[in-house]
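Coordinate inspection notes
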Amino acid sequence: MELAFYIAAIVAIISTVLAITRLNAVHALLYLIVSLLSVAVVFFVIGAPFIAALEVIIYAGAIMVLFVFVVMMLNLGKAAIDMEKQWQRGSMWVGPSILAAILIAEVAYLVAGPGAAVYGAAAIEPKQVGIVLFGPYLIGVELASMLLLGALVGAYHLGRRTPEKEKRESRNGIGTHASGTAPGGDLVRAGADRPSGSA
Amino acid sequence: MLHLLWLIPAFPIASFIVLATLGRRMPRKLVPVFGVGSVGLSAIVALLVTGSFLSSPPPGNHFTQVLWTWIDVGGFRPEIAFYLDSLSLVMVLVVTFVGFLIHFYSAEFMIEDEGYSRFFAYMNLFVASMCTLLLGSNLLLLFLGWEGVGLCSYLLIGFWYRDPVNGLAARKAFIVTRVGDTAMTLGLLLLFDKLGTLDIQELMHRALTQWPMGSVLPVAAGLLLLGGAIGKSAQLPLQTWLPDAMAGPTPTSALIHAATMVTAGVYLIARTHVIYSLAPAAQLAVAIVGAATLILAGFSALTQSDIKRVLAYSTISQIGYMFLALGVGAWSAAIFHFMTHAFFKALLFLGAGVVIESLHHEHNIFKMGGLRKEMPVAFWTFLAAGCSLAGLPLITAGFYSKGLIIWDAWASTRGSTALWLAAVIGVLLTSLYTFRLIFLVFFGEMKTHVSKRPGFAMMMPCVVLGILSVIGGFVETPEFLGNIHSFGDFMHLALPPMTEGPVRGMSELGSEALVTLAFLTGLYFAYLFFIQKRELAESISRPAIAKALHRFWYTDWGMDWLYERLFVRPILWIARVDKNDFVDYIYAGIALITELFYHGVRRTENGRMRWYAAGIAAGSIIFLAIVLFL
Amino acid sequence: MFALGLTGLLVRRNVIFMLMSLEIMLNAAGLAFIVAGARWGQADGQIVFLFILSMAAAEVCVGLALVLQIYRRFKSLDADAVSEMRG
């Protein structure tokens, strides 16, 4: 069991490192998915099978897929990769690395303090989790659902392409707001003004 | 009657207020009613008070009228109180009477001026301040009057303010007298600190009991007060302002700079005579200042070409005589000379004003001449005053007062031969420049024609003063000439008599004879140079040394030049160097540092997300560190 | 892993990558919770992870929608280009 844990941990770390250093967005996402899967394995080893499943289904399955969708939609071509190459210089890694290193040191110091963990091998059943969810954490569940509702509405609104404005402009001919540019693709013109309201 | 004392300064102050506020809107004829009338009323009150004082003298020969308490803080309690004794009585009488005559004169002299009411307002304020100065029973009230007359002097010198030269002269007067005023303030502080009071009589009493003769404190106090007197009375070394003060209207010069304000210093020293009696060194300083000044100013007066400047230097010189008298302990002689000087010097100025007006504002005596036939009244009055100034024997007031001073310079225990000699030389010089003036202005051929003749208002005061210049001396004559001592006796009610040393070498008769000799010598030389043989004067003045001397004395022994180099330039240099005010950099530095911080902080608000994230990370690290390690 | 995520956040300029790094960080935090829960033998750690998960989902939705808007408006995904709130 412990071996599985260590292997999964190492894989997670390596794939994370690779994920943040890739130039191509899709590559990075794939590496990230690998990282998430290995974390799920870690969860399973620790004794939280329910969460492991959830991790795979929701995190790796839904959220990452969403990422992939958006990346594909944006249709970044080779130009984007060149830009990335240009942006990323070796010297840029110095500062953040230092910050991160200090952070690691602090956390390590904390963890290495008294009260070091001894692995309890007892797994926590999903049933237990469910009971606790419906018990003391009921309100958290409600809040989470409201949060998701809000996210849903916000995402819908933010992702819109303001179709009324386009109709209005095509009716009037010369636009009242936007200067009279040639009607082109939505992506080009719709970005000329801010989305009404804010999320 | 004595309780009417407070009216003497009150009338002019009331008139000042009326004229200052309503003067502009008053009809022109009404202005002199206030201006002249108020001083006239003061003069009448002064006469009444004098009559009362003489007929039924108050106990102790002094009278104090307390009006109210001025300040009351921590044991310091000066009052608005007027103190009348023979000294202040004589001076107030002279000031109001001569002042009234001069105001009367200026009612006609200034009538065409657009600042008519302003002029009278200032003059009335001046008279009020001067009376306050003379009547004040404590040094603080005296100082109030002192400052008041200084202010009025400034205002009146710069009366025609549209010409910047006048403003400059006014500022010069004020600043130079300020130097003296500072010394006086220090003196007042010293007196108050050491003796605990500023009430004059109390002060004198305490000084007598507490300060031993010749100790350093009275010397210091005496010298400081002397500094103030020097400034106000235009003595060496602070005499440079008076000749330039002639830029003011002639009645101003007559009143302020001849008869009254410049004698304020004399009054101060006479009032605080106890301090000087206790401090022989200070008193000697007074005498030396007087002697040096009278000679210096005499030389300067010889070379002037502006009629008023000659008279200005003459004033400086005559006040030197008064200081000399004070310096040898002849207190009453100094006041006697003050009185006669007020008469003839005011008349000289008024006469000069008449001449200037008639010749259409011509000031240069070398452009005048031959006025004797054209303006007889002016001539005879001017002549009377001039003879009195020079000291024509036996029939002029000046002869008696000056002769008394000269004799006292010889005879007093604090006099000396050197002082006497200086005074006699001064007589020669005085006679010389006076008759030079008279001969140049009134004799010879007429160079500028008379365009205007003075009216009654201008001539009447001249005549009155002329009469006084002649008969005013008969109140105090030496032994061999009538032995009248009424003035001296009167003064001795308030001032101690001069202590005479043992008889040595010369009697009073001998001194008077030598004085007369000096007078005649001066008269002769003036006649020689300016009437008979003008060529002689030309030939003397041609060599370079003579020209240099002439220039030297013309510019008042180079004092202006000296002060410019000594004081004015360094101060201007400092001001220029400090133009950016290095002290300011300290305050500017605070702003600068704040600005630096601002620029630094501003760079963190660059809208870049990663930067902000880094900030959050760094912040959390620091936070953790604090929690962990502290 | 948290540190790695933090580094990635600070280094990458592309907003997609920044969002990704955020996910990594969230994941790492959740991992810490689970481990704590397992240590003490309670279900609370998993509960918290659930909440974190749902929150991450919501955040990803909104974040990506914002990314779309940014792209439309600024024509690029450069994080430094959207620094209009500077100041």
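Look up: the structure comes first, before these words.
A brief structural summary. Everything numeric in this text was worked out from a predicted model, so none of it was measured.

**Thoughts on the overall build of chain C**
Within chain C, the regular secondary structure consists of three helices and zero strands. Mapped from its N terminus to its C terminus, chain C presents α and β elements in the order α-α-α. Across the 87 residues of chain C, 63% fall into the buried class. At a minimum sequence separation of 6, the contacts of chain C that also span at least 24 residues come to 46%. Summing over all exposed atoms, chain C offers an accessible surface of approximately 2900 Å²; the carbon and sulfur share of this is 68%.

**Points about the side chain of Ser305(B)**
Tracing the chain through its elements places Ser305(B) in the loop between α13 (280-303) and α14 (307-327). Judged by relative accessible area, Ser305(B) falls into the buried class, the value being 17%.

**Things to note about a nonpolar patch on the surface**
A cluster of nonpolar residues, Tyr109(A), Ile622(B), Phe623(B), Ile626(B), Phe629(B) and Leu630(B), forms a patch on the protein surface that exposes about 740 Å² of accessible area. Take the nonpolar patch: its biggest share by element is four residues, from helix α27 (residues 609-629) of chain B. In this fold, Ile622(B) is placed in helix α27.

**Topic: helix α20 (residues 456-471) of chain B**
The terminal C-alpha atoms of α20(B), which comprises 16 residues, lie 22 Å apart, in line with the 22 Å expected from a rise of 1.5 Å per residue. Regarding α20(B), the residues found buried are Ala457(B), Met458(B), Met459(B), Pro461(B), Cys462(B), Leu465(B), Gly466(B), Leu468(B) and Ser469(B).

**Focus: the side chain of Thr240(B)**
Residues and elements named next belong to chain B. Its location among the elements puts Thr240 in the loop between α8 (216-233) and α9 (241-244). Note on Thr240: relative accessible area 3%, which makes it buried. Dropping the residues within four chain positions of it, Thr240 is found in contact with Lys172, Val176, Asp556, Met559, Asp560 and Tyr563.

**Side note on the packing of aromatic side chains**
For the structure on display, the rule yields 25 aromatic pairs over all chains. Considering the side-chain rings of Tyr137(A) and Phe51(C), the 6.4 Å spacing of their centres and the 65° angle between planes classify their relative orientation as edge-to-face. Placement of Tyr137(A) in the loop between α6 (126-134) and α7 (138-159) and of Phe51(C) in helix α3 (residues 44-74) is noted, with the two residues assigned to different chains. What makes Tyr137(A) partly exposed here is its relative accessible area of 24%. Classification of Phe51(C) by relative accessible area gives partly exposed; the value is 23%. A connected cluster of aromatic rings, assembled from ring pairs, spans Phe379(B), Trp380(B), Phe382(B), Phe435(B), Phe439(B), Phe442(B), Phe443(B), Phe519(B) and Tyr527(B). Sitting over the face of the ring of Phe159(B), Arg118(B) holds its NZ or CZ atom 4.3 Å from the ring centroid.

What counts, and at which threshold
- Numbers given to residues run from 1 along each chain, matching the order in which its sequence is written.
- By the order in which they are written, chains take letters starting at A while ligands take numbers starting at 1.
- Residues qualify for local features only when their pLDDT is at least 70, as the model is predicted, and side-chain atom pairs are given and counted only at 80 or more; totals for whole chains, interfaces and linings, by contrast, use all residues.
- With hydrogens and water excluded, all non-hydrogen atoms of the structure serve as input to the side-chain values.
- What counts as a helix is a DSSP run of H or I of at least four residues, what counts as a strand is a run of E of at least two, and both are numbered from the N terminus.
- Residue burial is assigned from relative accessible area. The probe radius is 1.4 Å, only protein chains are included, and a residue is buried under 20% of its type maximum, exposed over 50%, and partly exposed in between.
- Throughout, a contact is declared for two residues whenever any of their heavy atoms are within 4.5 Å.
- Areas reported as accessible are Shrake-Rupley estimates using a 1.4 Å probe. Residue values count occlusion only from the protein chains shown.
- Patch criteria: residues need more than 30% relative accessible area and no salt bridge. Like-charged residues are merged within 9 Å; nonpolar side chains of Val, Leu, Ile, Met, Phe, Trp and Tyr are merged within 5 Å.
- Every case where a carboxyl oxygen of Asp or Glu lies within 4 Å of a side-chain nitrogen of Lys or Arg is listed as a salt bridge.
- The span you would expect from a helix comes to 1.5 Å times its residue count less one.
- The aromatic pairing rule takes the rings of Phe, Tyr and Trp, using the six-membered ring of Trp, and pairs them if the centres are within 6.5 Å, calling planes under 30 degrees apart stacked, those over 60 edge-to-face and the rest tilted.
- Charges are assigned to positions over rings by a cutoff of 6 Å between ring centre and Lys NZ or Arg CZ, combined with an angular limit of 35 degrees from the ring normal.

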